[in-house]
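Single-letter residue listing:
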Amino acid sequence: MQKEGQLEGLVTAGVRLPFFESAAVCRYGWIFAAGLAIPRIRDSGRIRAWRCGHGREMFLMEQIVKELPQHIAIIMDGNGRWAQQRGLTRGDGHRAGVRAARQIVMACRERHIPYLTLYAFSKENWGRPRAEVSLLFSLLTRFLGDEVESMVANGIRLQVFGEVDTLPGPVRTALESALRRTAAGTAMTVNLAMNYSGREEILRAVRRIVALGVSPESVTEDMFRAQLYSAGQPDPDLVVRTSGERRLSNYLPFQTAYSELYFCDMHWPDFTPDELDRALEWYAGRERRFGLTSDQLSEK
Ligand code: FPP
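**Describing the environment of Gly97**
Mapping Gly97 onto the fold places it in helix H6 (residues 90-110). With near-sequence residues (within four places) excluded, Gly97 lies in contact with Met76, Asn79, Trp268 and Pro269.

As structure tokens, this is what we get:
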């Protein structure tokens, strides 16, 4: 197949394909910026450019782009176990977790993922030892301060999912400032789930609808969605949880009804952009049926 020949040429030339190296490329094909067909595809306005090694641009066809998740939600689990395995403190584990989070935000930005949600602190996390809770808040406060410039420079808009009012003063101040400063970002939205509980989010939405005086028969899904923290955003297509646990732990229970769930055994500090690419490749191979049959999907 010519496409595969082109692919081989690319690989031999040392150009690293970000992912789709095997399955998706062969299934759908791709066009490299060697001149051919590019103007036509570019004009269709349905592709995104991908900058890769050697300063070249690679163009992925619409079908492949379609297989990128629009929204990834991550449960960054395992900082404590990562540290324990190395004879370090849990605090060291969380610090390493912050470094991993920073890398993954940028990796998602580079991969044109428009929405990323990170589970930073759940309501249930308040039950941890006081010293750990306050360390987590001080790390998150520092993260917000350190990252805001880079978020603004990269067109990243920050949002919070959770109850901001009851967060400790310094983290609230850092959050409010980061929200304000990044508000104009249009390239990507990063949601920090902080002081978040999925069931509480659902109850909050119900209370808000009741307070609007809406009659039971006029309550619609759209109206309900508009009262969630995620109002106006697409549901997560892909949920990633590290550290071997296979559950969602009260994370976005309404929004993840049709999400693809990717679980891996490594602890969060070891989750690198290469691991993200593995998750994206796995996602690209999923058939998302939303209740339909395979045949119906192929007829579409
Ligand atoms: C899980 O590790 C992680 C958390 C409780 C959330 C905190 C996450 C970070 C500090 C990562 C950085 C986040 C941002 C947004 C900068 P765990 O303590 O539950 O690990 P364990 O299950 O091994 O004990």
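**Topic: the nonpolar core**
Side chains of nonpolar character tend, in soluble globular proteins, to be buried together. The biggest cluster of nonpolar side chains holds 56 residues, and the ones touching the most others in it are Ile72, Ile104, Cys108, Leu116, Leu140 and Met194. No other element matches H6, which puts seven residues into this core. Once residues lying within four places of it in the same chain are set aside, the contact partners of Leu140 are Ala120, Phe121 and Val171.

**Re helix H7 (residues 130-153)**
For H7, built from 24 residues, the straight-helix expectation of 34 Å at 1.5 Å per residue is met to within 8% by its first-to-last C-alpha distance of 35 Å. Where H7 bends most, at Glu147, the angle is about 45°. At its buried positions, H7 is contacted by H6, strand E5 (115-122), strand E6 (156-161) and helix H8 (169-182). Looking one or two residues beyond H7, the residue adopting positive phi is Gly155, at roughly 70°.

**Here we look at the pairing of strand E7 (residues 188-196)**
Among the nine residues of E7, nine are classified as buried, and the element is accordingly described as predominantly covered. Judged from the six bridges that link them, E6 and E7 form a sheet pairing that is parallel. Across the sheet, Gln159 pairs through a bridge with Asn191, a residue of E7. A crossover links E6 with its parallel partner E7, the connecting element being H8, and its sense is left-handed.

**Quick look at the site of the ligand**
Looking at the ligand, there are 18 residues lining it, with Asn79, Gly80, Arg81, Gly97 and Ala101 nearest. Taken together, the elements giving at least two residues each to the shell around the ligand come down to helix H5 (79-85), H6, E5 and H7. When its residues are assigned to classes, the shell around the ligand shows ten nonpolar, six polar and two charged.

**So, unusual backbone geometry**
Excluding glycine, most residues fall at negative phi; most peptide bonds, likewise, are trans. The residue Ser249 is not glycine, and still its phi comes out positive at about 50°. Summarising the element assignment, Ser249 is placed in the loop between strand E8 (238-241) and strand E9 (260-263). What makes Ser249 partly exposed here is the crowd of 14 C-beta atoms within 10 Å. Phi is positive for Leu252, which is not a glycine, with a value near 50°. Position of Leu252 among the secondary structure elements: in the loop between E8 and E9.

**Description of helix H9 (residues 198-211)**
Compared with an ideal rise of 1.5 Å per residue, which puts 14 residues at 20 Å, H9 spans 20 Å between its outermost C-alpha atoms and is within 8% of the ideal. Count one or two residues on from H9 and you reach Gly213, which has phi positive near 75°.

**Considering the sheet that holds E9**
Reading across the sheet, the six strands line up as E6-E7-E5-E4-E8-E9 and stay open at both edges, with parallel pairing between neighbours. Two strands in the sheet have a free side with no partner beyond their single neighbour: E6 and E9. With direction set aside, neighbouring strand axes in the sheet form an average angle of 20°. One ladder, built from four bridges, connects E8 with E9; its direction is parallel. From the neighbouring strand, Val239 faces E9, where its bridge partner is Leu261.

How each quantity is defined
Residues numbered from 1 in each chain as written. Predicted model: local features only at pLDDT ≥ 70, side-chain atom pairs only at ≥ 80, totals over all residues. Helix = DSSP H or I, 4+ residues; strand = E, 2+ residues; numbered from the N terminus. Contact = placed C-beta atoms within 7 Å. Core = buried A, V, L, I, M, F, W, Y, C linked by C-beta atoms within 7 Å. Buried ≥ 20, exposed ≤ 12 C-beta atoms within 10 Å, placed from the backbone. Expected span 1.5 Å × (residues − 1). Bend = angle between axes of the 7 residues up to and from the residue. Pairing = 2+ DSSP bridges. Right-handed = clockwise from strand over helix to strand, strands pointing away. Near = placed C-beta within 6 Å. Nonpolar A, V, L, I, M, F, W, Y, C, P; charged D, E, K, R; others polar. Axes fitted to C-alpha atoms, helices over the stretch in contact; angles between N-to-C directions.

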